[in-house]
Amino acid sequence: AQSVSQHNHHVILSEAASLELGCNYSYGGTVNLFWYVQYPGQHLQLLLKYFSGDPLVKGIKGFEAEFIKSKFSFNLRKPSVQWSDTAEYFCAVSGSGAGSYQLTFGKGTKLSVIP
Amino acid sequence: SQTIHQWPATLVQPVGSPLSLECTVEGTSNPNLYWYRQAAGRGLQLLFYSVGIGQISSEVPQNLSASRPQDRQFILSSKKLLLSDSGFYLCAWSGMEGFDTQYFGPGTRLTVL
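The numbering scheme is per chain: residues are counted from 1 as the chain's sequence reads. Labels follow written order: the first chain is A, the first ligand is 1, and so on. For a predicted model such as this one, the threshold for reporting local features is a pLDDT of at least 70, and the threshold for listing and counting side-chain atom pairs is 80 or more; totals across whole chains, interfaces and linings nevertheless cover every residue. To obtain the side-chain values, all non-hydrogen atoms of the structure were used and water was disregarded.

Enquirer: Please clarify how the sheet that holds strand β7 (residues 64-70) of chain B should be interpreted in this entry.
Expert: Across a sheet, strands are paired by hydrogen bonds formed along the backbone, either parallel or antiparallel in direction. Residue and element names in this part refer to chain B. Strands were regarded as paired on the criterion that DSSP finds at least two bridges between them. Secondary structure elements are defined from DSSP: runs of H or I of at least 4 residues count as helices, runs of E of at least 2 residues count as strands, and each element is numbered from the N terminus. Ordered by their spatial adjacency, four strands build an open sheet running β1-β3-β8-β7, and the pairing between neighbours is antiparallel. The open sheet terminates on both sides in strands that have one partner only, identified here as β1 (3-7) and β7. Adjacent strand axes in the sheet meet at a mean angle of 20° when their direction is disregarded. What counts as an axis is a line fitted to C-alpha atoms, over the stretch in contact for a helix, and the angles between N-to-C directions run from 0 to 180 degrees.

Enquirer: Hey, could you run me through the environment of G59 of chain A in this one?
Expert: All names here are of chain A. Secondary-structure assignment places G59 in the loop between β7 (56-58) and β8 (64-68). Here the alpha-carbon distance between G59 and L46, two residues 13 residues apart in the chain, equals 8.6 Å. Any two residues having at least one pair of non-hydrogen atoms within 4.5 Å are treated as being in contact. Setting aside residues no more than four positions away along its own chain, G59 makes contact with L47 and L48.

Enquirer: Mind showing me how you'd approach the pairing of strand β4 (residues 32-38) of chain B here?
Expert: Both faces of the sheet carry side chains from a regular strand, because those side chains alternate between them. Residue and element names in this part refer to chain B. With a 1.4 Å probe rolled over the protein chains alone, any residue whose accessible area is under 20% of its type maximum counts as buried; one over 50% counts as exposed, and the rest are partly exposed. Here β4 lies mainly inside the structure; seven of its seven residues are buried. Neither face of β4 is open: one carries N32, Y34, Y36 and Q38, the other L33, W35 and R37, and all of them are buried. Pairing analysis gives seven bridges linking β4 to strand β9 (residues 87-94), with the strands arranged antiparallel. Counterpart to N32 in the pairing with β9 is S94. With six bridges joining them, β4 and strand β5 (residues 44-52) adopt antiparallel strand pairing. Paired with R37 across the two strands is Q45, which belongs to β5.

Enquirer: Just to check I follow, could you spell out the interface of chain B and chain A for this structure?
Expert: It is common to give the size of an interface as the accessible area lost on bringing the parts into contact. Counting residues at the interface gives 21 residues for chain B, matched by 19 residues for chain A. Once two parts are joined, some of their accessible surface, as seen by a 1.4 Å probe, is lost; buried area is that loss totalled over both. Taking both sides of the interface into account, the surface hidden between chain B and chain A amounts to around 1,700 Å²; carbon and sulfur atoms contribute 61%. Salt bridges are counted wherever a side-chain nitrogen of Lys or Arg sits within 4 Å of a carboxyl oxygen of Asp or Glu. Our count for the contact surface shared by chain B and chain A stands at zero salt bridges. Between N or O atoms, a polar contact is any pair within 3.5 Å; within protein, one atom must be a potential hydrogen donor and the other a potential acceptor, and residues adjacent in sequence are included only when both atoms are from side chains. Applying the counting criterion to the chain B and chain A interface returns two residue pairs in polar contact (both at pLDDT 80 or more). For the side of chain B that touches chain A, the elements supplying multiple residues, two or more each, are β4, β5 and β9 of chain B. We call Asp, Glu, Lys and Arg charged. Ala, Val, Leu, Ile, Met, Phe, Trp, Tyr, Cys and Pro are nonpolar, and the rest, Gly among them, are polar. Of the residues that constitute the side of chain B that touches chain A, the class distribution is 11 nonpolar, seven polar and three charged.

Enquirer: Would you take a moment to explain unusual backbone geometry for this structure?
Expert: Note: most peptide bonds trans; most residues except glycine with negative phi. Here the residue pair W7 of chain B and P8 of chain B is connected by a cis peptide bond, since its omega of 0° sits within 30 degrees of zero. The backbone of A16 of chain A sits at a positive phi, close to 80°, despite the residue not being glycine. Residue placement: A16 of chain A occurs in the loop between β2 (10-14) and β3 (19-21). Of the residues examined, A16 of chain A reaches a relative accessible area of 52% and is grouped as exposed. If you check the backbone angles, K61 of chain A has positive phi at about 60° while not being a glycine.

Enquirer: Honestly, the pairing of strand β8 (residues 73-78) of chain B in this entry has me stumped. Any pointers?
Expert: Residues and elements named next belong to chain B. Most of β8 sits inside the fold, with five of its six residues counted as buried. Here strand β3 (residues 19-26) runs beside β8; their pairing, made up of six bridges, is antiparallel. Residue pairing for β8: E22 is matched across the bridge by I75. Across five bridges, the pairing between β7 and β8 is antiparallel. Among the inter-strand pairings, L64 is bridged to a residue of β8, identified as S78.

Enquirer: Sorry, what's going on with the state of the cysteines here?
Expert: A covalent bond bridging the sulfur atoms of two cysteines is what the word disulfide describes. Two cysteine sulfurs form what is called a disulfide whenever their separation falls within 2.5 Å. This structure, assessed with the given rule, holds two disulfides over all chains. Between the sulfur atoms of C23 of chain A and its disulfide mate C91 of chain A the distance is 1.9 Å. Classification of the bridge connecting C23 of chain A and C91 of chain A rests on its S-S torsion, roughly -65°, and on that basis the disulfide is left-handed. One end of the pair, C23 of chain A, is in strand β4 (residues 23-26); the other, C91 of chain A, is in strand β10 (residues 87-95), and 68 residues separate them in sequence. For C23 of chain B, the disulfide goes to C91 of chain B, at an S-S distance of 2.0 Å.

Read these as spatial facts, not as claims about activity.
If you want it as structure tokens, here you go:
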């Protein structure tokens, strides 16, 4: 069965600090990887995704993530966070084959950015 | 553009009462539809998905059920709610081409007392 582990439950940073949120997955096959973000009071929305190709993917609002196949990891990074990045971040994985409908989420990491 | 609606936004129900949550999608045809539950500290858990009208797959055995009476309508139901059914219920849609990105609705906060 597939699973996703997010290492940090709650991260607190000051503005302009660099961010890295860890995500490791377990899946016996080719994967699609996602980071979703939920800002306070808003919908869960897609931040970035990896399907194939360049393992370094860029998303909205200056976020990027790197897929390291050998480490089963898909860590999220941002060089300089802003107060508006305060949100909960979810890593998710699915199989990439036809019929791979299940998207498995990690438990989420709450990010608090202090002005 | 595509939009996804869920209602109600919040719901407080007594134990043993029935449940009906509705999700509709606009701006797309033949979407895959999904119901997730987000319990505190547990991430999102896929409950049901549907690849077409009347086609429902269940991922987790429980006292909930789902139905898809129309192409862009997905309903989550229960005949008798349990305390453990409390949580945040999210509907999502995706395209039909293999596995596609899932887009989420605003969710329904259900409290069972």
